[in-house]
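Structural features, examined
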Amino acid sequence: MPAIIRKLTIILDETRREMGRDLARPIRRVIACAVIENPFAGRYVEDLSELVAQGEELGALLAARAIAALGIPGDQVESFGKAAIVGEGGELEHAAALLHPRMGAPVRAALGRGPALIPSAKKSGGPGTGIDIPLGHKDAAFVRSHFDAIEARLPDAPRANEILVCLALTDGGRPSPRIGGLTTAEIIGQDGLR
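Considering the arrangement of structural elements, one finds Glu50 in helix H1 (residues 49-70). Given the relative accessible area of 23%, Glu50 is considered partly exposed. Sequence spacing of Glu50 and Val35 is 15 residues, and the spatial spacing of their C-alpha atoms is 16 Å. Excluding anything up to four places from it in sequence, Glu50 contacts Met1, Pro39 and Phe40.

Structure (structure tokens):
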């Protein structure tokens, strides 16, 4: 059964200056959020395949929305992350079912690649609960300039019978990175690590 979506929200963050210095180019980070009905709220269900399928559906939808908000082709996205907050009527495993088995494949398809593990976070909470979405480079997890996070918070979600699902994409790493490590120019991009 397709996800029943109450609302979609886009959060766009654009950094132009850091420590009083203009950046060479603005860094844009976007979070595409979907607030969905939790079909298993209030009851234990052994088979979570319905949420697994909805995760795949939401991966495609949220990736398309986030890429459009960034205003760049999908293959120019540099980093990604995902997260979910389960309302009090659900359980943490409901978030895991959405985020892990099948959500990544449609995200990677929209980006044209992305062999690195998509960093993720999940928690339980009520309306207004925030979550830090971890970010990492889509092609090479060892690129330190892209170790980052961005917060998602919606004042009216998730309600007890809902799940807030988020996908974050960026067009760059942190402003003014200078702690060394693998650079974007050095990425091989085959194993998702380097």
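Quick look at H1 now. With 22 residues, H1 extends 31 Å from end C-alpha to end C-alpha; this agrees with the ideal 32 Å at 1.5 Å per step. The complete set of buried residues in H1 reads Leu51, Val52, Gln54, Gly55, Leu58, Gly59, Leu62, Ala63, Ala66, Ile67 and Leu70. On its buried side, H1 packs onto strand E1 (5-18), strand E2 (21-37), helix H2 (92-99), helix H3 (104-111) and strand E7 (162-170). At the C-terminal side of H1, Gly71 shows a positive phi close to 75°.

Across the junction of Ala157 and Pro158, the peptide omega takes the value 0°, indicating a cis bond. One can find Pro158 in the loop between strand E6 (148-153) and E7. The backbone of Met19 sits at a positive phi, close to 55°, despite the residue not being glycine. Topologically, Met19 is positioned in the loop between E1 and E2. Notably, Ser176 is not glycine yet its phi reads approximately 50°, a positive angle. In this fold, Ser176 is placed in the segment after E7.

A few words on the packing of H1 against H2. Packing of H1 against H2 leaves a shortest axis separation of 6 Å and a crossing angle of 50°. In this view, H1 runs oblique relative to H2, as classed from their interaxial angle. Between H1 and H2 lies a crossing whose hand is right-handed. Contacts between H1 and H2 involve Leu51, Val52, Gln54, Gly55 and Leu58 from the first element and His94, Ala97 and Leu98 from the second. Broken down by class, the residue content of the contact of H1 with H2 amounts to 5 nonpolar, 3 polar and no charged.

Another point: the nonpolar core. Grouped together as the largest cluster of nonpolar side chains are 33 residues, with contacts concentrated most on Ile36, Leu58, Leu62, Ile163, Val165 and Leu169. Of the residues forming this core, the biggest block, 8 residues, is contributed by H1. Among residues more than four places away in sequence, those in contact with Ile36 are Ala3, Ile4, Ile5, Gln54, Leu58, Leu98, Asn161, Glu162, Ile163 and Val165. Val35, Ile133, Leu154 and Ala157 belong to the second-largest nonpolar core, a separate cluster that totals 16 residues.

Across the interface, H1 lies against H3 with an axial gap of 7 Å and an inter-helix angle of 30°. It follows that H1 is roughly parallel to H3 by the angle criterion. Pair H1 / H3 crosses with right-handed handedness. Listed contacts from H3 to Glu56, Gly59, Ala60, Ala63 and Ile67 of H1 are Pro106, Val107, Ala110 and Leu111. Taken together, the residues of the contact of H1 with H3 break down into 7 nonpolar, 1 polar and 1 charged.

Checked against the element boundaries, Lys122 lands in strand E4 (residues 120-124). Between the alpha carbons of Lys122 and Ala32 there is a distance of 16 Å; along the sequence they are 90 residues apart. With near-sequence residues (within four places) excluded, Lys122 lies in contact with Ala84, Leu92, Ala95, Ala96, Leu99, His100 and Ile131. Of the polar contacts made by the side chain of Lys122, one reaches the side chain of His100; its length is 3.0 Å.

About the criteria used
- Residues numbered from 1 in each chain as written.
- Predicted model: local features only at pLDDT ≥ 70, side-chain atom pairs only at ≥ 80, totals over all residues.
- Heavy atoms only, no water.
- Helix = DSSP H or I, 4+ residues; strand = E, 2+ residues; numbered from the N terminus.
- Buried < 20%, exposed > 50% of the residue type's maximum accessible area, 1.4 Å probe, protein only.
- Contact = heavy atoms within 4.5 Å.
- Expected span 1.5 Å × (residues − 1).
- Axes fitted to C-alpha atoms, helices over the stretch in contact; angles between N-to-C directions.
- Parallel < 35°, antiparallel > 145°, perpendicular 65-115°, else oblique.
- Left-handed = near helix turned anticlockwise from the far one by under 90°.
- Nonpolar A, V, L, I, M, F, W, Y, C, P; charged D, E, K, R; others polar.
- Core = buried A, V, L, I, M, F, W, Y, C linked by side-chain atoms within 4.5 Å.
- Polar contact = N/O pair within 3.5 Å; in protein donor to acceptor, adjacent residues only side chain to side chain.

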